[in-house]
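# Structural overview
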Amino acid sequence: MKRFFLIGLAVPMAALAHHGWSEYDSAKVLKLTGKIVESGYEHPHGHIRFEAKGEGATAGKTWNVILAPPSRMENRGLEKGALKAGVTATVEG
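Residues numbered from 1 in each chain as written. Predicted model: local features only at pLDDT ≥ 70, side-chain atom pairs only at ≥ 80, totals over all residues. Heavy atoms only, no water.

This part takes up the overall build of the chain. The helix and strand inventory of the chain stands at 2 helices and 4 strands. Listing the helices and strands of the chain from first to last along the sequence gives α-β-β-β-α-β. Here the chain holds 93 residues, and the buried ones make up 18% of them. Sequence separation of at least 24 residues holds for 51% of the intrachain contacts in the chain that already meet a minimum separation of 6. Accessible surface, the chain as shown: approximately 7400 Å² in total, 58% of it carbon and sulfur. (Helix = DSSP H or I, 4+ residues; strand = E, 2+ residues; numbered from the N terminus. Buried < 20%, exposed > 50% of the residue type's maximum accessible area, 1.4 Å probe, protein only. Contact = heavy atoms within 4.5 Å. Areas by Shrake-Rupley, 256 points an atom, 1.4 Å probe, with all protein chains shown as cover.)

Structure below.
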């Protein structure tokens with residue numbers, strides 16, 4: 001019984017530590033367009049390495065973008081095959 005109690009306590013604590021958004025200003029939206037250099041479509045979150053194009057401070061920079069879990073992306077219509085290297089995409093967050 002003690003083992004179950006300790007695991008039950010540890011999982012919620014890890015989840016809270018994992019999803020800390022206090023460093024982000026949700027009032028400032030960043031929208032980038034560029035090419036996907038590398039992608040991953042695995043749990044707990046998908047990701048892409050992304051080279052921004054255009055003008056301004058973000059142009060030519062490489063960004064690591066953390067995406068939603070694969071099941072959520074699929075439910076919203078983003079299939080695994082859409083995240084290929086070389087594909088032009090727009091990310092917003």
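Only one face of strand S4 (residues 88-92) is covered, namely the face carrying Ala89 and Val91; the face carrying Thr88, Thr90 and Glu92 is uncovered. Judged from the 5 bridges that link them, strand S1 (residues 31-40) and S4 form a sheet pairing that is antiparallel. Its bridge partner lying in S4, Lys35 is registered against Thr88. (Pairing = 2+ DSSP bridges.)

Right, let's talk about the sheet that holds strand S2 (residues 47-52) for a bit. The strand order S3-S2-S1-S4 describes an open sheet built from 4 strands, whose pairing is antiparallel. The outermost strands of the open sheet, each flanked by one partner alone, are strand S3 (62-66) and S4. If you compare each strand with its neighbour and ignore which way they point, the axes differ by 50° on average. (Axes fitted to C-alpha atoms, helices over the stretch in contact; angles between N-to-C directions.)

Here the focus is the nonpolar core. Within the largest apolar cluster, 12 residues are counted, these being Leu32, Ile36, Tyr41, Ile48, Phe50, Ala52, Val65, Leu67, Met73, Leu83, Ala89 and Val91. Residue assignment for this core shows that the elements contributing at least two residues are S1, S2 and S4. Among the elements that make up this core, the one with the highest residue count is S2 (3 residues). Residue contacts for Val91: discarding those within four places in its chain leaves Leu30, Lys31, Leu32, Ile48, Phe50 and Val65. (Core = buried A, V, L, I, M, F, W, Y, C linked by side-chain atoms within 4.5 Å.)

Burial along S2 is one-sided: the face carrying Ile48, Phe50 and Ala52 is buried and the face carrying His47, Arg49 and Glu51 is not. Where S1 and S2 come together, 6 bridges link them in antiparallel fashion. From the neighbouring strand, Gly40 faces S2, where its bridge partner is His47. Linkage of S1 to S2, two consecutive antiparallel strands, is achieved through a turn of 6 residues. When S2 meets S3, the two strands line up antiparallel, connected through 5 bridges. Residue Glu51 lies in a different strand from S3, and its bridge partner there is Thr62.

Limitation: the analysis is restricted to geometry and does not speak to function.
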